[in-house]
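Next come the chains, spelled out residue by residue.
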Amino acid sequence: MIRMIPVEEPQVLDSLVQGRFSGDVRGYVILDGPEYRGHCLYAVEPGLTRVLEVRLSDPSLLDGAVRAAVAAGENAGASAFTVADQPELLGWRDARFRGCPDPIPNDRLFHFCG
(Lines give C-alpha, C1' and ligand atoms only; values in the text may rest on other atoms or scores of the structure.)
Protein backbone atom coordinates (compact mmCIF):
# COMPACT_ATOMS: atom_id res chain seq x y z
CA MET A 1 0.00 0.00 0.00
CA ILE A 2 1.34 3.42 -1.00
CA ARG A 3 1.52 5.96 1.82
CA MET A 4 2.52 9.61 1.68
CA ILE A 5 3.67 10.68 5.12
CA PRO A 6 4.22 14.35 5.97
CA VAL A 7 7.80 15.00 7.07
CA GLU A 8 7.55 16.44 10.56
CA GLU A 9 11.08 15.85 11.84
CA PRO A 10 13.28 18.90 11.07
CA GLN A 11 16.38 16.70 10.69
CA VAL A 12 14.70 14.49 8.11
CA LEU A 13 13.44 17.54 6.20
CA ASP A 14 16.93 19.08 6.32
CA SER A 15 18.42 15.86 4.90
CA LEU A 16 15.99 16.04 1.95
CA VAL A 17 16.35 19.80 1.35
CA GLN A 18 20.17 19.78 1.68
CA GLY A 19 20.25 23.58 1.68
CA ARG A 20 18.88 23.78 -1.88
CA PHE A 21 15.62 25.53 -1.04
CA SER A 22 14.73 28.34 1.33
CA GLY A 23 11.58 29.46 3.07
CA ASP A 24 8.94 27.30 4.66
CA VAL A 25 9.78 24.05 2.86
CA ARG A 26 7.57 21.08 3.66
CA GLY A 27 7.58 17.55 2.37
CA TYR A 28 6.19 14.07 2.06
CA VAL A 29 8.02 10.76 2.17
CA ILE A 30 6.45 8.18 -0.12
CA LEU A 31 6.44 4.56 1.06
CA ASP A 32 5.18 1.30 -0.41
CA GLY A 33 4.66 -0.72 2.74
CA PRO A 34 7.97 -0.32 4.58
CA GLU A 35 9.91 0.43 1.37
CA TYR A 36 11.03 4.00 0.66
CA ARG A 37 9.87 5.12 -2.82
CA GLY A 38 10.89 8.76 -2.73
CA HIS A 39 9.89 12.21 -1.57
CA CYS A 40 8.15 15.41 -2.57
CA LEU A 41 9.17 18.88 -1.39
CA TYR A 42 6.96 21.95 -1.60
CA ALA A 43 6.56 25.41 -0.11
CA VAL A 44 3.42 27.35 0.68
CA GLU A 45 3.43 31.10 0.21
CA PRO A 46 0.44 33.43 0.52
CA GLY A 47 -2.08 32.01 -1.94
CA LEU A 48 0.43 29.74 -3.75
CA THR A 49 1.93 26.26 -3.43
CA ARG A 50 5.29 25.75 -5.12
CA VAL A 51 6.11 22.12 -5.84
CA LEU A 52 9.89 22.29 -5.55
CA GLU A 53 11.02 18.73 -6.18
CA VAL A 54 9.74 15.19 -6.62
CA ARG A 55 12.18 12.27 -6.51
CA LEU A 56 10.57 8.86 -6.99
CA SER A 57 11.70 5.33 -7.81
CA ASP A 58 8.42 4.77 -9.69
CA PRO A 59 7.23 7.51 -12.08
CA SER A 60 3.62 6.32 -11.76
CA LEU A 61 3.60 7.91 -8.29
CA LEU A 62 4.29 11.42 -9.63
CA ASP A 63 0.68 12.53 -10.05
CA GLY A 64 -0.22 11.48 -6.51
CA ALA A 65 2.83 13.20 -5.04
CA VAL A 66 2.04 16.50 -6.78
CA ARG A 67 -1.62 16.27 -5.77
CA ALA A 68 -0.66 15.62 -2.14
CA ALA A 69 1.56 18.71 -2.09
CA VAL A 70 -1.08 20.91 -3.74
CA ALA A 71 -3.79 19.60 -1.39
CA ALA A 72 -1.61 20.37 1.63
CA GLY A 73 -1.07 23.87 0.24
CA GLU A 74 -4.79 24.30 -0.30
CA ASN A 75 -5.41 23.25 3.30
CA ALA A 76 -2.94 25.97 4.31
CA GLY A 77 -4.84 28.60 2.30
CA ALA A 78 -3.22 28.44 -1.15
CA SER A 79 -5.60 28.67 -4.09
CA ALA A 80 -3.08 28.10 -6.91
CA PHE A 81 0.11 26.16 -7.58
CA THR A 82 3.19 26.03 -9.74
CA VAL A 83 5.87 23.40 -10.33
CA ALA A 84 9.65 23.71 -10.52
CA ASP A 85 11.67 23.33 -13.71
CA GLN A 86 12.43 19.68 -12.95
CA PRO A 87 11.92 17.72 -16.22
CA GLU A 88 9.50 15.23 -14.64
CA LEU A 89 7.39 18.02 -13.17
CA LEU A 90 7.37 20.01 -16.40
CA GLY A 91 6.30 16.89 -18.32
CA TRP A 92 3.49 16.31 -15.83
CA ARG A 93 2.39 19.94 -16.13
CA ASP A 94 2.47 19.92 -19.93
CA ALA A 95 0.47 16.69 -20.11
CA ARG A 96 -2.34 18.11 -17.97
CA PHE A 97 -2.23 21.88 -18.34
CA ARG A 98 -0.68 22.71 -21.72
CA GLY A 99 -1.34 26.36 -22.48
CA CYS A 100 -2.55 27.18 -18.96
CA PRO A 101 -0.57 30.13 -17.56
CA ASP A 102 1.16 29.97 -14.18
CA PRO A 103 0.07 29.88 -11.48
CA ILE A 104 -2.55 27.19 -12.07
CA PRO A 105 -5.71 27.49 -9.97
CA ASN A 106 -6.19 24.51 -7.65
CA ASP A 107 -9.69 24.12 -9.08
CA ARG A 108 -8.14 23.03 -12.39
CA LEU A 109 -6.44 20.11 -10.63
CA PHE A 110 -9.14 19.06 -8.20
CA HIS A 111 -12.49 20.27 -9.49
CA PHE A 112 -12.25 20.86 -13.25
CA CYS A 113 -14.19 18.49 -15.51
CA GLY A 114 -13.93 18.66 -19.27
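Details of the structure are given in the entry above.
Residues numbered from 1 in each chain as written. Predicted model: local features only at pLDDT ≥ 70, side-chain atom pairs only at ≥ 80, totals over all residues. Heavy atoms only, no water.

(A) Broad picture of the side chain of His39. Looking at the element boundaries, His39 is found in strand E3 (residues 35–45). Judged by relative accessible area, which is 8%, His39 ranks as buried. Within polar-contact distance, the side chain of His39 engages the side chain of Tyr36 at 3.1 Å. Here Glu53 takes part through its side chain, which lies 2.8 Å from a polar atom of the side chain of His39. Sequence-distant contacts of His39, defined by excluding residues within four places in its chain, comprise Leu16, Tyr28, Val29, Ile30, Glu53, Val54, Arg55 and Leu56. (Helix = DSSP H or I, 4+ residues; strand = E, 2+ residues; numbered from the N terminus. Buried < 20%, exposed > 50% of the residue type's maximum accessible area, 1.4 Å probe, protein only. Polar contact = N/O pair within 3.5 Å; in protein donor to acceptor, adjacent residues only side chain to side chain. Contact = heavy atoms within 4.5 Å.)

(B) Molecular detail of unusual backbone geometry. A cis amide bond, omega -10°, links Asp102 with the succeeding residue Pro103. Within the fold, Pro103 resides in the loop between helix H3 (87–97) and strand E6 (104–105). Positive phi, normally seen in glycine, also occurs at Gln18, with a value near 50°. Its location among the elements puts Gln18 in the loop between helix H1 (10–17) and strand E2 (25–32).

(C) View of the pattern of salt bridges. Applying the stated rule across the entire model yields 9 salt bridges. Here Glu53 ties to Arg55 by a salt bridge, and the two come within 3.4 Å at their closest N and O atoms. Relative accessible area serves as the criterion here: at 42%, Arg55 is assigned to the partly exposed category. Connected through salt bridges with shared partners, the residues Arg20, Glu53 and Arg55 form a single ionic network. (Salt bridge = Lys/Arg side-chain N within 4 Å of Asp/Glu carboxyl O.)

(D) Looking closely at the packing of aromatic side chains. Counted under the stated rule, the structure contains 4 aromatic pairs. With 5.9 Å between their ring centres and 20° between their planes, Tyr28 and Tyr42 make a pair best called stacked. Of this pair, Tyr28 sits in strand E2 while Tyr42 is found in strand E3, placing the two residues 14 residues apart along the sequence. For the pair formed by Tyr28 and Tyr42, the shared burial category is buried. In this structure an aromatic cluster arises from ring pairing among Phe81, Trp92 and Phe97. (Phe/Tyr/Trp six-rings, centres within 6.5 Å; stacked < 30°, edge-to-face > 60°.)

(E) Representation of the environment of Leu56. Checked against the element boundaries, Leu56 lands in strand E4 (residues 48–56). Remark: the alpha-carbon pair of Leu56 and Ala68, spanning 12 residues in sequence, is separated by 14 Å.

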